[in-house]
Amino acid sequence: MPYVGVTFLRGDARSLLDRVIMRSTAGPYVHTELFLQRGDDFRYYCAVNVTPSGGLQPSGRTCGPPDPAFWDVVRFPISPAAYASTYALILQLLSMQLPYNARDLWQCCVPALLPYERDLDCQRLETWRASGVFCSQLCLLVLRRLVLAGTV
């Protein structure tokens, strides 16, 4: 059975950056990645701000299940047709060269203000292109699309 899922990278208390992220988000995680799984084949995607193009890209992690020593995983079974359409969506997003959304990262840290912010429209990809996406935003938008499609 195919799956779509999200991996959550637990922060390392020895890392100053990880400690800052964990303290500001009041949680143990410092990064998320979206993945598709079909059998033993895993495809990971992330939004990062480390390249000139930034934004969404294949994560570069090796295929296979995430290492439970570092990652927590949530996955949802999907049909083969939903796997194909989700993979097509990801390929479309990759071709759009979405920028990284550093401007709205504060939303991870101040959730009390979120009801006053305009969210990206998960159905209109051009809104993703206009502002870009950060890692957890990417995962949320893709999962919302799947829920609205009745896939998840």
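As the structure is a computational prediction, the values presented were derived from the model and not from experiment.

Here is what the cut-offs are and how they apply
Residues numbered from 1 in each chain as written. Predicted model: local features only at pLDDT ≥ 70, side-chain atom pairs only at ≥ 80, totals over all residues. Heavy atoms only, no water. Helix = DSSP H or I, 4+ residues; strand = E, 2+ residues; numbered from the N terminus. Contact = heavy atoms within 4.5 Å. Phe/Tyr/Trp six-rings, centres within 6.5 Å; stacked < 30°, edge-to-face > 60°. Buried < 20%, exposed > 50% of the residue type's maximum accessible area, 1.4 Å probe, protein only. Lys NZ or Arg CZ within 6 Å of the ring centre and 35° of its normal. Salt bridge = Lys/Arg side-chain N within 4 Å of Asp/Glu carboxyl O. Core = buried A, V, L, I, M, F, W, Y, C linked by side-chain atoms within 4.5 Å.

### Digging into the side chain of Thr7
- Tracing the sequence through the fold places Thr7 in strand E1 (residues 2-10).
- When near neighbours in sequence (up to four residues on either side) are disregarded, Thr7 contacts His31, Thr32, Glu33, Phe35, Tyr44, Arg61, Pro66, Trp71, Asp72 and Val73.

### Here we look at the packing of aromatic side chains
- Evaluation of the coordinates by the stated rule reveals four aromatic pairs.
- With a centroid separation of 5.8 Å and 45° between ring planes, the pair formed by Phe35 and Tyr44 is classed as tilted.
- By relative accessible area, Phe35 is classed as buried at 1%.
- For the ring pair Phe42 and Tyr44, a centre distance of 6.0 Å and an interplane angle of 10° mean the geometry is stacked. A single burial state applies to Phe42 and to Tyr44, both of which are buried.
- Among the aromatic residues, ring-to-ring pairing joins Phe35, Phe42 and Tyr44 into one connected group.
- Over the ring of Tyr3 we find Arg75; its NZ or CZ atom is 3.8 Å from the centre of that ring.

### Brief notes about the pattern of salt bridges
- Counted under the stated rule, the structure contains five salt bridges.
- Residue Arg14 is joined to Asp12 by a salt bridge in which the shortest nitrogen-to-oxygen separation is 3.0 Å.
- Asp12 gets classed as partly exposed once you look at its relative accessible area, which sits at 29%.
- Taken together, the shared-partner salt bridges connect Asp121, Arg124 and Glu126 into one network.

### Digging into the nonpolar core
- Ranked by internal contacts, the top residues of the largest apolar core, which has 28 residues, are Val4, Leu34, Leu93, Leu98, Trp128, Val133 and Val142.
- Put simply, the parts of the chain that give this core at least two residues each are E1, strand E2 (29-38), strand E3 (41-48), helix H2 (80-95), helix H4 (125-131) and helix H5 (135-148).
- Sort the elements by how many residues they give to this core and H5 lands first, with six residues.
- If sequence neighbours within four positions are ignored, Leu34 has contacts with Val4, Gly5, Val6, Arg43, Tyr44, Tyr45, Ile90, Cys139 and Val142.

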